[in-house]
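Architecture at a glance
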Amino acid sequence: MAEDPSPAGVDEFEREPVPRRALLGFKSFVGMYAGEHCAGTELMLGPLFVAAGVSAFDLIVGLVVGNLLAVLSWTLLTAPIATRTRLTLYYQLEKICGRNLVTLYNLANGVMFCFLAGAMITVSATAVGVAVENIGLTWNGNPVQIPMPELNDDYPNSVAWVVAVFAMGVMVTVVAAYGYNFVARVANIAAPWMVLVFLAFGVVALRQFIDATDTRINSPADLWRLAETHIWKGGEPLPGRVKFTFWHVTFFAWFCNMAMHVGMSDLTIFRYARHSWYGVATASGMYVGHFMAWMSAAMLFAYQLHETHPDEYLVNLLITDSAQYAEADRDSLLTGPLTPELIREGMRIENQLVESGQLMEDDKRIGPPTPLPGPLAYGACGIAGLLCVIVAGWTTANPTIYRAGLAFQAIMPRVSRVKVTLATGLLATIAGAFPAIAMKLLEFVALYGMVLMPMGAVVLVDFYFLRRLGLASNYAEQSGTRFNWAAGLTWFLTLAACVVLVKYTAVQAFLADQGINILPADFDGIQIYFVSLPGWFFAAVLYIVLSKLYQRKTSQ
Amino acid sequence: MTRIILQLLSWLALAGTILPSVLYLAGRIELDPSNWLLLAATIVWFIVTPLWMGRPKVEDELVI
């Protein structure tokens, strides 16, 4: 994921087109995208694909296709507008939407950036936990241990975890407020090294799989068989996860940076490009960060799953309380893989025991294995791996907090940037203490794209179509309005429609309870990973219709 | 000249970042030594690279 859409000098030419002398060459964009899309969050996203039960074909082909669609979106949608207007998204939006609506957009953007930075702090904190354990830190004579969050945890699970997150968050925040340039420099220096450490994660995990499965690799076909049968086996997802198919992977890879390409945030970047075809430079970020890095991180977690076996407690529970496993061989279960089916059955039995009063809710012990970037990286590449997790989280959380701070500061221009950044960092740190964001990062990233996507449709329609339809483009600038209701309503109504489609069954049931049967009961809605595609077309058409009505009304 | 030497060291450090894992994949070394080599390469990269990356080339000319 890209966290900081800012090349050097992005804060220049905020309210004027970028002049010819300031344009950048193709290589600048290749390097920038390669570095920025190899972030701490990749270490979380890759494993979450595995948790979603993805198969080798679906993952690899889905990522190839989805990343290609993302590159095409940057090249064909974002870059052509950027190289013709050469304005930042914010200024472009201000001309279309008016200052007040842009303020609202800034608020939404800032909040999303905060949560994203929170997830990065969570990722780094998992590495702090491993480091503390290995240093052998003690407190009152007892070794300090930081209990890690679990896959389906929403809330912080211990004081030690909160302390670890705050230690990391405070460090990131203070540096973002006072030493942004220093970390930007560290990020530039670390980028090539980080990319290779990500690659090393995958290479080491591959060897570990070869050893663990006693496989001989003599041809690409052997490698593919290993990938299909042991690494990305497909099948059921872990409990609490949505099953990922080819389409999920494709759409996720395409839309995880939706705010940047279809949502037009990267107008701010590509206004510096000499030609619109420089959009293809984003392939460096997509195929390094969102292909290689995701696959490497996924392999680390797949290996953890491969090496995890059911413990005595689970096996006893299955043999004693499950009709399905009553006849099963105890030793085979103990030495076999911990499959999602076994975990699900164990969880079902525990729930039954709780219901019958034989087990306390707090004594439940069975849950899916958790992808924790810190321990995963340490297991594969030792201290350097741990360092990579901390650096990747830190260098990307830092500019994200800085950017969120800038977005908030636009709303409160009288408060100093340092104060706003400190407050923003605190908010991100609080968010980081809640593992729900990192553990549900697939969903959050899809939500992030969905929230900002309608404004991208507004910018595109305004640029290409409004004048051809006899309407005024840049309407706020022309009419002097501070809130273009056509754009505002497009945003709100598109979001409302998307939310209804995602939460369709709940909305349908709620309305049916009220005696309102307007929604068909035989439709299941659309998952959040897919809803932004119809949402974008809906927003585009809606903006044209509303502009027609709004511009006619205001001109009267 | 100094700059070229530093850059060369950085490139070697980058090679040292990926090479140990490739050797481990090939079955030439164990994981532990591979990780120590990776750590050594990491230290060299972070010490040497800031000495030239992002700095103007003028320094070299002054030395000459």
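An account of the accompanying structure is given in this report.

About the criteria used
Residues numbered from 1 in each chain as written. Chains lettered and ligands numbered in written order. Predicted model: local features only at pLDDT ≥ 70, side-chain atom pairs only at ≥ 80, totals over all residues. Heavy atoms only, no water. Helix = DSSP H or I, 4+ residues; strand = E, 2+ residues; numbered from the N terminus. Rg over C-alpha atoms; globule rule 2.2 N^0.38 Å. Buried < 20%, exposed > 50% of the residue type's maximum accessible area, 1.4 Å probe, protein only. Contact = heavy atoms within 4.5 Å. Areas by Shrake-Rupley, 256 points an atom, 1.4 Å probe, with all protein chains shown as cover. Axes fitted to C-alpha atoms, helices over the stretch in contact; angles between N-to-C directions. Parallel < 35°, antiparallel > 145°, perpendicular 65-115°, else oblique. Left-handed = near helix turned anticlockwise from the far one by under 90°. Nonpolar A, V, L, I, M, F, W, Y, C, P; charged D, E, K, R; others polar. Core = buried A, V, L, I, M, F, W, Y, C linked by side-chain atoms within 4.5 Å. Buried area = accessible area lost by both parts, 1.4 Å probe. Polar contact = N/O pair within 3.5 Å; in protein donor to acceptor, adjacent residues only side chain to side chain.

**Let's talk about the overall build of chain A**
Scanning chain A for helices and strands turns up 22 helices and two strands. Its C-alpha atoms give chain A a radius of gyration of 25 Å, within 12% of the compact-globule value 24 Å for 556 residues. Taken along the three principal axes of its C-alpha coordinates, chain A extends 80 × 60 × 55 Å. Residues counted as buried form 58% of the 556 residues belonging to chain A. For chain A, the proportion of contacts with a sequence separation of at least 24, taken over those separated by at least 6, is 84%. By element, 62% of the accessible surface of chain A is carried by carbon and sulfur atoms, the whole surface being about 22,900 Å².

**What about the packing of helix α6 (residues 159-178) of chain A against helix α16 (residues 417-433) of chain A?**
Residues and elements named next belong to chain A. In the contact formed by α6 and α16, the axes pass within 9 Å of each other and the chain directions differ by 155 degrees. As judged from the angle between their axes, α6 and α16 are roughly antiparallel. Crossing hand, α6 versus α16: right-handed. Two secondary-structure elements touch here, α6 through Trp161, Val165, Phe166, Gly169, Val170, Thr173, Val174, Ala176, Ala177 and Tyr178 and α16 through Arg417, Val418, Thr421, Leu422, Gly425, Leu426, Thr429, Ile430, Gly432 and Ala433. Class assignment for the residues of the contact of α6 with α16 results in 13 nonpolar, six polar and one charged.

**Some remarks on the nonpolar core**
Core analysis: the biggest nonpolar cluster contains 202 residues, and Phe201(A), Trp232(A) and Phe252(A) have the highest contact counts within it. The greatest single-element share of this core, amounting to 18 residues, is contributed by helix α5 (residues 99-135) of chain A.

**Thoughts on the interface of chain A and chain B**
Listed as interface residues are 24 residues of chain A and, on the opposing side, 22 residues of chain B. Around 1,900 Å² of area is buried between chain A and chain B when both sides are counted, 77% of it from carbon and sulfur atoms. Linking chain A to chain B there are five residue pairs in polar contact (both at pLDDT 80 or more). When contributions to the side of chain A that touches chain B are tallied by element, the ones reaching two or more residues are α7 (180-213) and α15 (373-411) of chain A. Tallied by class, the residues present in the side of chain A that touches chain B amount to 17 nonpolar, four polar and three charged.

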